[in-house]
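Overview (structure and organization)
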Amino acid sequence: MDSWEMFTDFFLIAGMSFLAFLILILLKSKVHFSKKILTIFFINAFFFLLYYYAFLHKIKLLAGISILFGHGVGYLLGPSFLFLVKSLVFKKEVIIKPYIKSLIPFFIVFILFNIPLSIAVTTNYLSTYHNLYIVLEIPFNIIENLFVIFYIFKTLSFLKRLKLSIQQNYSHVSSQNLKWYKHFIIGFLTVVVFDILLSIYEIFHTINTFNIGTIIAFLFFCLYIYLGYKGLYQSQIFIPSFLLDNLYTNTEKQVVLNNIKEEKHKIRRLDNLNSVEIENLKNKLYLLLTKEKVYLNEELNLTELAEQIGISNKKLSELLNHHLNTNFYDLVNHYRIENVKKRFESGDAEKYTIISIAYDAGFKSKASFYRIFKQKEGVSPSTYSKKYQNVS
């Protein structure tokens with residue numbers, strides 16, 4: 001065995017061990033439905049590496065098993081991307097049926113290709129079928145990758161709309177909470193596009209298929225190493241049901257938050273109020289923020305604030321979007337930042353830590369506070385606070 005094969009062997013064994021560890025953690029723990037979908041990606045990657053390990057050592061049985069459960073999984077992973085993200089906001093009962101329905105192409109591939117190919121690899125049967133498939137393997141691989149890309153773009157579109165909905169309802173949840181998913185999807189997309197380019201190149205030039213597959217396997221493994229551990233700690237996001245409806249039925253109607261031009265032609269819930277009544281609602285909101293300082297509650301959300309004003313969350317969302325030209329996330333964090341700045345200007349940064357001041361103002365995490373402060377003020381909290389230290 002030469003040095004390249006030794007390295008490949010070590011990489012494949014280490015990769016399978018790491019993935020088996022992640023899978024074991026997820027299967028043994030009581031996890032949210034989103035983690036169960038995530039497990040599918042880890043299991044697929046395990047069989048992906050197992051195939052190349054079996055190929056390297058010429059173990060027919062392992063090759064047959066890995067083909068049975070690891071071939072054609074683009075038809076499984078594509079829809080899984082979309083429903084992985086949807087599972088963050090929708091209950092399992094809502095998405096399980098459409099998820100299974102979207103997997104019909106995979107079940108077809110499993111029956112028509114995976115089972116006979118697995119038999120052909122492990123036995124002497126169906127050799128003619130196997131030889132025919134080898135001729136068509138590259139076009140099939142390209143079609144499978146295009147299927148994955150189609151679902152990846154659907155998922156990115158959903159993430160964009162989800163980001164807008166979150167900003168309407170939470171002060172402590174931002175698009176950063178979806179950052180892991182975006183990185184995972186774009187990273188996977190990059191590897192898939194690279195695989196397509198190699199497949200196209202392979203049509204016109206003779207190259208070592210095993211080496212190509214090993215490169216793709218290595219890239220996938222690096223992606224899972226980078227994102228796998230963090231993926232265990234991604235949590236479900238809860239947003240009001242009326243916005244979930246907009247997210248889930250976007251194929252039937254335009255999402256209000258994502259199409260302002262169309263929104264202007266729709267009847268709004270505050271249209272039947274006169275200017276005085278609108279101003280009264282604004283004043284109530286202003287008093288809650290300035291006098292009651294409700295923003296100090298780190299768990300404050302759109303629904304809770306609406307109840308304190310005495311209107312529905314839909315009406316409050318409309319008040320913020322169309323009468324104050326803002327959203328819940330920006331509004332509440334504006335008051336929190338102003339509270340922190342006043343504390344800095346009064347010299348509190350010399351008595352207390354910056355993060356304790358941030359927590360007192362209603363921020364839920366250090367990372368979100370530093371990010372939001374720098375976005376709004378252009379400098380870090382520590383730089384801003386230093387201007388008011390040691391000033392008598």
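Looking up the chain in an unreviewed UniProt entry gives the name AraC family transcriptional regulator, with the organism given as Neotamlana laminarinivorans.

Of note, Lys293 is a non-glycine position whose phi angle comes to about 50°, a positive value. Position of Lys293 relative to the elements: it lies in the loop between helix 12 (275-290) and helix 13 (302-309). Within the chain, Asn325 stands out as a residue other than glycine whose phi angle is a positive 50°. For Asn325, the position within the fold is in the loop between helix 14 (313-323) and helix 15 (328-345).

Once that is clear, we can look at the packing of aromatic side chains. Inspection of every chain in the model, using the stated rule, returns 25 aromatic pairs. In this structure an aromatic cluster arises from ring pairing among Phe344, Phe363, Phe369, Tyr370, Phe373, Tyr384 and Tyr388. Here the guanidinium or amino end of Lys86 rests over the ring plane of Phe83, the centre of that ring lying 5.5 Å away. Here Lys387 stacks its cationic end above the ring of Tyr384, 4.4 Å away from the centre of that ring.

To continue, consider the environment of His183. Along the chain, His183 turns up in helix 8 (residues 179-204). The exposure class assigned to His183 is partly exposed, which follows from its relative accessible area of 34%. Between the alpha carbons of His183 and Leu223 there is a distance of 9.4 Å; along the sequence they are 40 residues apart.

So, on to the layout of surface pockets. Roughly 1400 Å³ of volume is contained in the largest pocket. Lining the largest pocket are 48 residues, with Tyr51, Tyr52, His71, Tyr133 and Glu137 positioned closest to its centre. Those elements that place two or more of their residues in the lining of the largest pocket are helix 2 (33-57), helix 3 (60-70), helix 4 (74-86), helix 6 (104-122), helix 7 (127-167), helix 8 and helix 9 (209-231). Ranked by residues supplied to the lining of the largest pocket, first place goes to helix 7 with 12 residues. Here the lining of the largest pocket is built from residues that sort into 28 nonpolar, 14 polar and six charged.

Attention now goes to the UniProt feature "transmembrane region" (unreviewed entry) in the chain. Residues annotated by UniProt as "transmembrane region" (unreviewed entry) correspond here to residues 6-25, 37-55, 61-85, 106-126, 132-153, 184-204 and 210-229. End-to-end, the C-alpha atoms of residues 6-25 are 29 Å apart, and along that stretch the chain is 100% helix and 0% strand. Summarising residues 184-204: 100% helix, 0% strand, and an end-to-end C-alpha distance of 31 Å.

Ranked by internal contacts, the top residues of the largest apolar core, which has 60 residues, are Phe41, Phe42, Leu49, Val85, Phe184, Phe188 and Tyr224. When contributions to this core are tallied by element, the ones reaching two or more residues are helix 1 (3-28), helix 2, helix 4, helix 5 (92-102), helix 6, helix 7, helix 8 and helix 9. In terms of residue count, helix 2 provides more of this core than any other element does, 11 residues in total. In this structure, Leu49 is in contact with Phe11, Leu12, Gly15, Met16, Leu19, Ala217 and Phe221, ignoring residues within four places of it in sequence.

It is worth spelling out the pattern of salt bridges at this point. Counting across every chain of the model gives six salt bridges. Its salt-bridge partner being Glu377, residue Lys341 comes within 3.3 Å of it at the nearest N-O pair. Of this pair, Lys341 sits in helix 15 while Glu377 is found in helix 17 (residues 366-377), placing the two residues 36 residues apart along the sequence. Asp348 is the partner of Arg343 in a salt bridge, and the nearest nitrogen-oxygen pair spans 2.4 Å. For the pair shown, Arg343 and Asp348 are each scored as buried. Each member of the salt-bridge network shares a partner with another, and the members are Glu338, Lys341 and Glu377.

Where helix 2 contacts helix 3, the axes come no closer than 8 Å and their chain directions differ by 150°. With respect to each other, helix 2 and helix 3 are oriented roughly antiparallel. Considering the relative orientation of helix 2 and helix 3, their crossing is left-handed. In this structure, helix 2 contributes Asn44, Phe47, Leu50, Tyr51, Tyr53 and Ala54 to the contact, and helix 3 contributes Leu62, Ala63, Ile65, Ser66, Ile67, Phe69 and Gly70. Taken together, the residues that form the contact of helix 2 with helix 3 break down as 10 nonpolar, three polar and no charged.

This part covers the side chain of Asn145. Here Asn145 shows up in helix 7. Taking the relative accessible area as the measure of exposure, Asn145 reaches 7% and is therefore buried. In this structure, Asn145 is in contact with Val192, Asp195 and Ile196, ignoring residues within four places of it in sequence.

Structurally, Leu159 can be placed in helix 7. Separated by 20 residues in sequence, Leu159 and Lys179 place their C-alpha atoms 9.7 Å apart. With residues near it in sequence (within four places) discarded, Leu159 still touches Val85, Leu178, Tyr181, Lys182 and Ile185.

With that settled, consider the environment of Asn327. Turning to its location among the elements, Asn327 is positioned in the loop between helix 14 and helix 15. Within the local environment of Asn327, its side chain forms a polar contact with the backbone nitrogen of Tyr329, the two atoms lying 3.2 Å apart.

Calculation notes
- Residues numbered from 1 in each chain as written.
- Predicted model: local features only at pLDDT ≥ 70, side-chain atom pairs only at ≥ 80, totals over all residues.
- Heavy atoms only, no water.
- Helix = DSSP H or I, 4+ residues; strand = E, 2+ residues; numbered from the N terminus.
- Phe/Tyr/Trp six-rings, centres within 6.5 Å; stacked < 30°, edge-to-face > 60°.
- Lys NZ or Arg CZ within 6 Å of the ring centre and 35° of its normal.
- Buried < 20%, exposed > 50% of the residue type's maximum accessible area, 1.4 Å probe, protein only.
- 1 Å grid on protein atoms, 1.4 Å probe; cavity = no way out; pocket = protein on both sides within 12 Å on 5 of 7 lines; lining within 4 Å.
- Points joined across faces, edges and corners; volume = space filled by probe spheres on them.
- Nonpolar A, V, L, I, M, F, W, Y, C, P; charged D, E, K, R; others polar.
- UniProt positions renumbered as here; feature names shortened; annotations may be inferred.
- Core = buried A, V, L, I, M, F, W, Y, C linked by side-chain atoms within 4.5 Å.
- Contact = heavy atoms within 4.5 Å.
- Salt bridge = Lys/Arg side-chain N within 4 Å of Asp/Glu carboxyl O.
- Axes fitted to C-alpha atoms, helices over the stretch in contact; angles between N-to-C directions.
- Parallel < 35°, antiparallel > 145°, perpendicular 65-115°, else oblique.
- Left-handed = near helix turned anticlockwise from the far one by under 90°.
- Polar contact = N/O pair within 3.5 Å; in protein donor to acceptor, adjacent residues only side chain to side chain.

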